[in-house]
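This is what each chain is made of:
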Amino acid sequence: MAHTKAPEDAYDARPFVPAGADLDEVRAAAAGCRGCPLHRDATQTVFGAGNPHARVMLVGEQPGDQEDRQGAPFVGPAGKLLDRALDEAGIDPDDTYTTNAVKHFKFETVPERGKRRIHKSPGLREMTACKPWLDAEMRLVDPEVIVVLGATAGKALLGSGFRVTKQRGMLLPYEDRGESLLATIHPSAVLRADDREAVYEGLVSDLRIAARALG
Ligand code: URA
Ligand code: SF4
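Structural notes on the nonpolar core
Phase 1: Trp133 and Leu157 are the most contacted members of the largest nonpolar core, which totals 34 residues.
Phase 2: Breaking this core down by element, the ones donating at least two residues are α1 (23–30), β2 (56–60), α4 (124–141), β6 (145–149), α5 (151–158), β7 (171–174) and β8 (179–184).
Phase 3: Per element, the largest residue contribution to this core is 8 residues, and it comes from α4.
Phase 4: The residues contacting Leu157, other than those within four sequence positions of it, are Val59, Lys131, Leu134, Met138, Ile146, Val148, Tyr174 and Leu181.

What about the pairing of β2?
Phase 1: Of all 5 residues in β2, 5 are buried, a share of seventy percent or more.
Phase 2: Across the two faces of β2 the burial is the same, with Val56, Leu58 and Gly60 and Met57 and Val59 all buried.
Phase 3: Pairing between β2 and strand β3 (residues 96–100): 5 bridges, direction parallel. Bridge assignment links Val59 to a residue of β3, and that residue is Thr99.

Regarding empty space enclosed by the protein
Unfilled space is identified by rolling a water-sized probe across the atoms.
Phase 1: Per the counting criterion, the structure on display carries 1 cavity of 30 Å³ or more.
Phase 2: Residue lining of the largest cavity: 14 residues in total, with Cys33, Cys36, His104, Cys130 and Trp133 positioned closest to the centre.
Phase 3: Considering every element that reaches the lining of the largest cavity, the biggest residue donor is α4, with 3 residues.

Notes on the site of ligand 1
Phase 1: Inspection of the region around ligand 1 gives Gly60, Glu61, Gln62, Pro63, Glu67, Pro73, Phe74, Asn100 and His186 as its neighbouring residues.
Phase 2: Contacts to ligand 1 include Phe74, whose backbone N or O atom sits 2.9 Å from an oxygen atom.
Phase 3: Counting atoms within 2 Å of the grid points, the majority share of ligand 1 lands in the largest pocket.

Observations regarding the pattern of salt bridges
Phase 1: Applying the stated criterion across every chain yields a total of 10 salt bridges.
Phase 2: The salt bridge partner of Arg27 is Asp24, with a shortest N-O separation of 3.0 Å. In this pair, Arg27 and Asp24 both sit in helix α1, 3 residues apart, roughly one turn of the helix.
Phase 3: Residue classification places Arg27 among the partly exposed residues on the basis of a relative accessible area of 28%.
Phase 4: Overall, the relative accessible area of 53% leaves Asp24 in the exposed class.
Phase 5: A single network of salt bridges, built from pairs that share partners, joins Asp65, Asp68, Arg69 and Arg117.

Focus on the layout of surface pockets
Phase 1: One number sums up the size of the largest pocket: a volume of about 770 Å³.
Phase 2: In terms of lining, the largest pocket is formed by 33 residues, of which the most central are Ala78, His119, His186, Ser188 and Arg192.
Phase 3: The set of elements that each furnish at least two residues to the lining of the largest pocket consists of α2 (65–70), α3 (77–89), β5 (117–119), α5, α6 (164–167) and α7 (187–192).
Phase 4: The element that contributes the greatest number of residues to the lining of the largest pocket is α7, accounting for 4 residues.

Side note on α3
Phase 1: For α3, built from 13 residues, the straight-helix expectation of 18 Å at 1.5 Å per residue is met to within 8% by its first-to-last C-alpha distance of 19 Å.
Phase 2: Restricting attention to buried positions, one finds in α3 the residues Ala78, Gly79, Leu81, Leu82, Ala85, Leu86 and Ala89. Angular distribution of buried residues about the axis of α3 spans 160°; they occupy a single face of the element. Exposed residues lying more than 90 degrees from the buried face of α3 are Pro77, Lys80 and Asp87.
Phase 3: Tucked into the core, α3 has its buried residues touching β2, β3, β6, α7 and α8 (196–214).

What counts and how
Residues numbered from 1 in each chain as written. Chains lettered and ligands numbered in written order. Predicted model: local features only at pLDDT ≥ 70, side-chain atom pairs only at ≥ 80, totals over all residues. Heavy atoms only, no water. Core = buried A, V, L, I, M, F, W, Y, C linked by side-chain atoms within 4.5 Å. Buried < 20%, exposed > 50% of the residue type's maximum accessible area, 1.4 Å probe, protein only. Helix = DSSP H or I, 4+ residues; strand = E, 2+ residues; numbered from the N terminus. Contact = heavy atoms within 4.5 Å. Pairing = 2+ DSSP bridges. 1 Å grid on protein atoms, 1.4 Å probe; cavity = no way out; pocket = protein on both sides within 12 Å on 5 of 7 lines; lining within 4 Å. Points joined across faces, edges and corners; volume = space filled by probe spheres on them. Near = heavy atom within 4 Å. Polar contact = N/O pair within 3.5 Å; in protein donor to acceptor, adjacent residues only side chain to side chain. Sits in = over half its atoms within 2 Å of the grid points. Salt bridge = Lys/Arg side-chain N within 4 Å of Asp/Glu carboxyl O. Expected span 1.5 Å × (residues − 1). Arc of directions from axis to C-beta.

Below, the structure is given as structure tokens:
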């Protein structure tokens, strides 16, 4: 009997990524991605945004509720905090390009909580499916430093063995593209922390390492 592949085995954005396209063309193509089921319930694809020639690329996890509605990354509370931390670390937010490991918002609704959409972390399958978009962004923006925000982005770029607690705050080589990679916590972790000030300072001091790498 012929073996029929379950549809989830085919999670893959690659058929949607145009070859030889520039960043705007890739962004336009991503709007129509059906590479995994996350596009079904989300409002829209949230592609990266910012300076297309940025020296620093920041990679978060996935769009949140506000990003899903507005169609741009890091426009909610985590983004505001991130901009403040970048500025304090000596990185001009206007000289960055910001994106996410996964381009559609994954959420659940709990009946007792009405219409509120509660963030769900993307799984390895969705991260792997969506990676071709991130690869295209890295190739086309060609940053000097990639800043990984939190565990999901770290796993997407460095593999499932990545541990933010162990690998944060140091420059790591990334593949063979000549870029450096710096991992730090996700800005949402600051918003959730009891000791916000100390956790925020940790984020800023990690970002200063990235700033120094730019010279
Ligand atoms: N958190 C993320 O990881 N990405 C966003 O774009 C917003 C919040
Ligand atoms: Fe495509 Fe990524 Fe959205 Fe899945 S999450 S549909 S792979 S853009």
